[in-house]
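Topology and contacts: notes
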Amino acid sequence: MDRDSSGGDNSPLSRRRFLKNTAVIGAVAWVPAMRIGPAHADASCPPPPNFPPHVELFQQTFENWAKAIRVDDLWTAAPRTAQECADLANWAASNGWQLRPRGAMHNWSPIHITADITCDSKILMVSTTDYLTDMSMLPGNPATVRVEAGAFMEDLLDYLETRGYGMCNVPAPGDVTVGGALAVDAHGTAIPAAGEQRQAGHSYGTLSNLLLSITAVVWDRRANQYVLRRFERDQRNAGVLATSLGRSFITEVEFQVGHNQNLRCQSFTDIPYTELMAAPGCGGRSFASFLEQSGRAEIIWFPFTDKPWLKVWSVAPTKPLASRQVSEPYNYPFSDNMPDDIEALARSLSQGNKASTPVFGQNMYAVTTAGLTATQSTDIWGPSKNTLLYIKPTTLRITASGYGVMTRRDNIQQVVYDVTQKYLAMVADYESRGEYPMNMPVEIRVNGLEQAGEVEAADPAMPLLSAASPDRERPDWDVVVWFNCLSFVGTEQADAFYSEMEQWFGQRFDGSDAAVRPEWSKGWGYNPEGAWTNDAYLDSVADSYRLHRDKRERWDYAVRRFDKLDPYRVFTNGFIDRLLR
Ligand code: FAD
């Protein structure tokens, strides 16, 4: 039974999206190529036993974003309904299998599957993107959209836009699923500008803070089986499931949404980092000054360059004279599709040509400045989705460390300055030894916390495992500054660099004026040998939520509730078990 491998379902939305993408890029690189059914002669290991005959089953490649975890022939199911997800959980519990909910596989960390998995491992992937993609607006106030977990964020934002609604803080790629994004408290960059009033339905927190209800597959003690259960936002289980790390199976959610905003996005490539990321009090065009003016900004700083690419979004109901109106997202094609010579140079960095890293960084900066001009993208304007989504699946497959630093808004510049100084010192130190571990940009974004006052529901439960969940003992902390350091997979000394940087993050942001937590989807827990391998760090993740009493209760409560909601440990893996204890 070979099936269409477009990765989209048969709904008009996904088909439209697939056609749109293929028209632009020729091929959808991330779509798993192979689908082999159980009766197929090529099946490489026996099908799962006693499998519910009504659920679609096939073998398919699993590959995470950086291609560091790849299994060619994992047994995979594509449930047509949420009830089929519950059927699968009951089958798995009875037969000793585990289920891994699978969205677009645009994740780095082993919360999905661990690298040692084979098709004999009694792990069944459950694809949500094939059928669980329905969405509809619900009548009433606040404006609410119901969406199944396998819907792509771009499809959801498209759907909302045509009805006059939108979100203000969303991840940059549109081809991540609602379920996958919620699992990792996905975010963009947004805090209120000075004097800006929050619009009803919007939140400056992560996607998890927009939830009004969440439906998941959970164990029902009375019925003695896994069932679908809906939790309203004021129920504590909603707070547990809101950032699930894949330790549960979310089938459907309801999000509050606000009236769509038109956003202007201006790019600057002429501000030296010594000004943009200077110590607080230096004046000039500091990162904090842009946040005050507009509330929404991102730094992309190419290695060995002086002037970062700064993007600044501002709410602009009507088109500013200087802006170009955009009717589609992904308006920086030069950053999604590198010129061939730059890609060749990139490849050579890990093939004995690492000393060319500074030249490579400068080339990327040059491509960006030229690209912005050539595509007239320096100043663009349109409905929010068209400037908030800007990463396509054709972008380079690189690896990234990720941390969120929770702090006070008036401390953002200090935090950015300190990280900048540490990064520069480390890069110089490595260079003095002939090493160039950081060959892709540093990225910096900021968003608000999961504030209860931004939820259009009484007494909302907080997303317990979100790095943006407020700390009741530090009410002065109101933002998270996200830092990502990027490098090509396999870059020499990169993991040593990440490991050293991570230790410094922990020491510098020790809870006095700021605290650091991992960004779940990205790289953390480094040893010089690799990410997610540092036992001391894995223990300290829990501690980073245990910084204050309030947090200790939250982490432990979440771990206990996950175990109650899934006593047969159907929705977990060895890494999640290690982390959540
Ligand atoms: P998958 O990778 O398929 O799954 C990720 C995790 O979610 C797994 O543990 C999986 O089991 C779990 N999961 C999936 N579906 C469900 C479900 N229905 N119920 C419960 N658990 C589920 N993140 C940001 O926050 N902001 C960004 O701007 C951003 N940019 C990115 C850019 C790139 C190029 C890439 C590759 C990633 C980026 N990310 C960003 C990270 C991304 O949002 C997360 O990795 C997200 O989890 C990917 O969603 P997915 O659909 O691919 O999920």
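Everything in this summary refers to the structure shown in the same document.

1. Describing the state of the cysteines
- Taken as a whole, this structure holds one disulfide when the rule is applied.
- Linked covalently through their sulfurs, Cys45 and Cys119 form a disulfide whose S-S length is 1.9 Å. With Cys45 in the loop between strand E1 (35-36) and strand E2 (56-63) and Cys119 in the loop between strand E4 (98-102) and strand E5 (123-127), this residue pair connects regions lying 74 residues apart in the sequence. Assigned by exposure class, Cys45 and Cys119 land together as buried.

2. Some details on the layout of surface pockets
- Considering only enclosed or pocket space, the largest pocket measures out at about 400 Å³ in volume.
- Ala68, Thr399, Gly530, Ala531 and Trp532 are the residues nearest the centre of the largest pocket, which is lined by 25 residues in total.
- Among the secondary structure elements, those contributing two or more residues to the lining of the largest pocket are strand E18 (398-407), strand E20 (479-488) and helix H13 (494-508).
- Take the lining of the largest pocket: its biggest share by element is three residues, from H13.
- Of the residues that constitute the lining of the largest pocket, the class distribution is 15 nonpolar, nine polar and one charged.

3. A closer look at the packing of aromatic side chains
- The final tally for this structure, using the stated rule, is 29 aromatic pairs.
- Measuring from ring centre to ring centre gives 6.0 Å for Phe249 and Phe571, while their planes differ by 65°; the resulting arrangement is edge-to-face. One end of the pair, Phe249, is in strand E11 (residues 249-256); the other, Phe571, is in the loop between helix H15 (549-565) and helix H16 (574-579), with 322 residues separating them in the sequence. Both residues of the pair, Phe249 and Phe571, count as buried.
- Members of the aromatic cluster, each reached through a chain of ring pairs, are Trp219, Tyr226, Phe249, Tyr568 and Phe571.
- Sitting over the ring of Tyr390, Lys311 keeps its end group 4.0 Å from the ring centre.

4. Looking at the sheet that holds E11
- An order of E6-E7-E11-E9-E10 is seen for the five strands of this open sheet, with the pairing classed as antiparallel. Of all the strands in the sheet, just strand E6 (135-138) and strand E10 (225-232) have a single pairing partner and so form its edges. Adjacent strand axes in the sheet meet at a mean angle of 20°, parallel and antiparallel pairs treated alike.
- Across eight bridges, strand E9 (residues 211-220) lies against E10 in antiparallel orientation. Looking at E10, one finds that Ala216 is bridged to Arg229.
- Docked against the sheet, helix H2 (residues 82-95) engages E9, E10 and E11, running at close to 135° with respect to E10.

5. So, the site of the ligand
- In the vicinity of the ligand lie 35 residues, with Pro101, Gly103, His106, Thr177 and His187 positioned nearest.
- Note that an oxygen atom of the ligand is positioned 2.9 Å from one of the backbone N or O atoms of Ala104.
- Ile111 has a polar backbone atom sitting 3.1 Å from an oxygen atom of the ligand.
- Burial of the ligand by the protein amounts to 97% of the accessible area it has alone, namely 960 Å².
- Elements supplying a minimum of two residues to the shell around the ligand: E4, helix H4 (178-183) and E11.
- Looking at the shell around the ligand element by element, the count peaks at four residues for H4.
- For the shell around the ligand, the residue count by class is 19 nonpolar, twelve polar and four charged.

Reading the values: the criteria
- Starting from 1, residues in each chain are numbered consecutively following that chain's sequence as written.
- With pLDDT at 70 or above as the cut-off, local features in this predicted model cover only qualifying residues; side-chain atom pairs require 80 or more to be listed or tallied, and sums for whole chains, interfaces and linings still use all residues.
- Remark: hydrogens and water are excluded; side-chain values derive from all non-hydrogen atoms of the structure.
- A pair of sulfur atoms, both from cysteines and within 2.5 Å, is called a disulfide here.
- Helix and strand assignments follow DSSP, with helices taken as H or I runs no shorter than four residues and strands as E runs no shorter than two, numbered in order from the N terminus.
- Each residue's exposure class comes from its accessible area (1.4 Å probe, protein chains only) as a fraction of the maximum for that residue type: buried when under 20%, exposed when over 50%, partly exposed otherwise.
- Any residue with an atom within 4 Å of a point lines the site, the site being either a cavity, points on a 1 Å grid over the protein atoms alone where a 1.4 Å probe fits but cannot get out, or a pocket, an open set with protein on both sides within 12 Å along at least 5 of 7 lines.
- Grid points are joined across faces, edges and corners, and a volume is the space filled by probe spheres set on the points.
- As a working rule, the residues Ala, Val, Leu, Ile, Met, Phe, Trp, Tyr, Cys and Pro are called nonpolar, Asp, Glu, Lys and Arg charged, and the rest polar, with Gly in that last group.
- Side-chain rings of Phe, Tyr and Trp (the six-membered ring for Trp) are treated as a pair once their centres are within 6.5 Å; stacked means planes under 30 degrees apart, edge-to-face means over 60, and tilted covers the remaining angles.
- In this analysis the charged atom, NZ for Lys or CZ for Arg, is taken to sit over a ring once it is within 6 Å of the ring centre and within 35 degrees of the ring normal.
- Pairing between strands is defined by DSSP: at least two bridges between them are needed.
- To get an axis, fit a line to the C-alpha atoms, keeping to the stretch in contact for a helix; angles then go from 0 to 180 degrees between the N-to-C directions.
- Residue contacts are defined here by distance: any two heavy atoms, one from each residue, within 4.5 Å place the two residues in contact.
- One heavy atom suffices: a residue is near a molecule or strand as soon as one of its heavy atoms comes within 4 Å of it.
- Whenever a nitrogen or oxygen atom comes within 3.5 Å of another N or O atom, the pair is scored as a polar contact, on the condition that within protein one atom can donate a hydrogen and the other can accept it, and that pairs from neighbouring residues in sequence are kept only if both atoms are in side chains.
- In short, Shrake-Rupley with a 1.4 Å probe defines the accessible areas, and a residue's cover is counted only from the protein chains shown.

Fair warning: the whole summary comes from geometry, so function is off the table for now.
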